[in-house]
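Coordinate inspection notes
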Amino acid sequence: IRRVEVATGAVTTLAGSGTSGSADGVGEAAEFDSPVEVAISADGSTLLVSSNGGLRQVCVAAPPPPPSFAPIVVPPSTLGADLAKTWGDASLPQGMVTFLVGDDRERIESVSKNLLCIRSVFFRTMFGIGMKERDAAEVTVSHTDLASFTALIDYLCTD
């Protein structure tokens, strides 16, 4: 099955190799037995072909491969070494905190401020240098969703 650009006269093979048959395939791998009617999708990716063998849908080209992403590399655990830092450090805050997450203020309860501070510079700053959260029992975390924030807290507390 060929396409002719009327303006330029260019001929392009869309599907089929010229061999008669009924093999399914992409592009030139497909075979047809006396195609009678052909329709092409608006984006040019799919043909609908009517022939002696019935009606078939054929891909003009293989779909593009899925995007490739760099693998996520998880560093080795530092939880044991980080916990050792808590011994004798009077600057670390004591107590637990409850996070109120997102627009619905969903609760993540009883998280150790001490542990968060040794695992994260962000939390060490929040709870360690006299910010209002240092002595707060509840901290509101807006503009995030519960699943993402829970994953962060879980990683920090369990590594």
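Attention in this report is confined to the structure presented alongside it. Only a predicted model underlies this, so the values are computations on that prediction, with no experimental measurement involved. (Residues numbered from 1 in each chain as written. Predicted model: local features only at pLDDT ≥ 70, side-chain atom pairs only at ≥ 80, totals over all residues. Heavy atoms only, no water.)

Examining the overall build of the protein chain
In plain terms, the rule: Runs of H or I in DSSP of at least four residues are treated as helices and runs of E of at least two as strands, each being numbered from the N terminus. It is over C-alpha atoms that the radius of gyration is taken, and the globule rule equals 2.2 Å times the number of residues to the power 0.38. For each residue, the accessible area found with a 1.4 Å probe, counting protein chains only, is set against the maximum for its type, and the residue is called buried under 20%, exposed over 50%, and partly exposed in between. The Shrake-Rupley method, run with a 1.4 Å probe sphere, supplies the accessible areas, and residue values consider only the shown protein chains as cover. Counted as positive: Lys and Arg. Counted as negative: Asp and Glu, with His and the chain ends omitted from the count. Just so you know, the charge point we use is NZ for Lys, CZ for Arg, CG for Asp and CD for Glu.
For the protein chain, the helix and strand inventory stands at four helices and eight strands. Listed N to C, the secondary structure of the protein chain is β-β-β-β-β-α-β-β-α-α-β-α in terms of helices and strands. The C-alpha radius of gyration of the protein chain comes to 31 Å, more than 25% above the 15 Å expected for a compact globule of 159 residues. Taking the principal axes of its C-alpha atoms as reference, the protein chain extends roughly 85 × 35 × 35 Å. Within the span of the protein chain, comprising 159 residues, buried residues form 28% of the whole. Here the protein chain displays about 10,600 Å² of accessible surface, and carbon together with sulfur accounts for 57% of that area. Of the side chains in the protein chain, 11 bear a positive and 19 a negative charge, and the two mean positions are spaced by 11 Å.

Let's talk about the pattern of salt bridges
Test applied: What makes a salt bridge here is a side-chain nitrogen of Lys or Arg within 4 Å of a carboxyl oxygen of Asp or Glu, nothing more.
Enumeration according to the criterion identifies seven salt bridges in this entry. Between Asp82 and Lys85 there is a salt bridge, with its nearest N and O atoms 3.2 Å apart. We note a salt bridge from Asp159 to Arg119, for which the minimum N-O separation is 2.5 Å. Taken as a pair, Asp159 in the segment after α4 (146-158) and Arg119 in helix α2 (residues 113-119) lie far apart in primary sequence, 40 residues in all. The partly exposed category is assigned to Asp159, whose relative accessible area is 28%. Residue classification places Arg119 among the buried residues on the basis of a relative accessible area of 14%. Within this structure, Asp82, Lys85, Arg119 and Asp159 form a network of salt bridges that share partners.

Some remarks on the pairing of strand β7 (residues 106-112)
What counts is decided by this rule: A pair of strands counts as paired when DSSP detects no fewer than two bridges linking them.
Pairing of strand β6 (residues 96-101) with β7 involves five bridges; the strand directions are antiparallel. Pairing of Val97 across the sheet is with Val111, part of β7. Hairpin connection of β6 to β7: four residues between the antiparallel strands, including Gly102 at a positive phi of 75 degrees.

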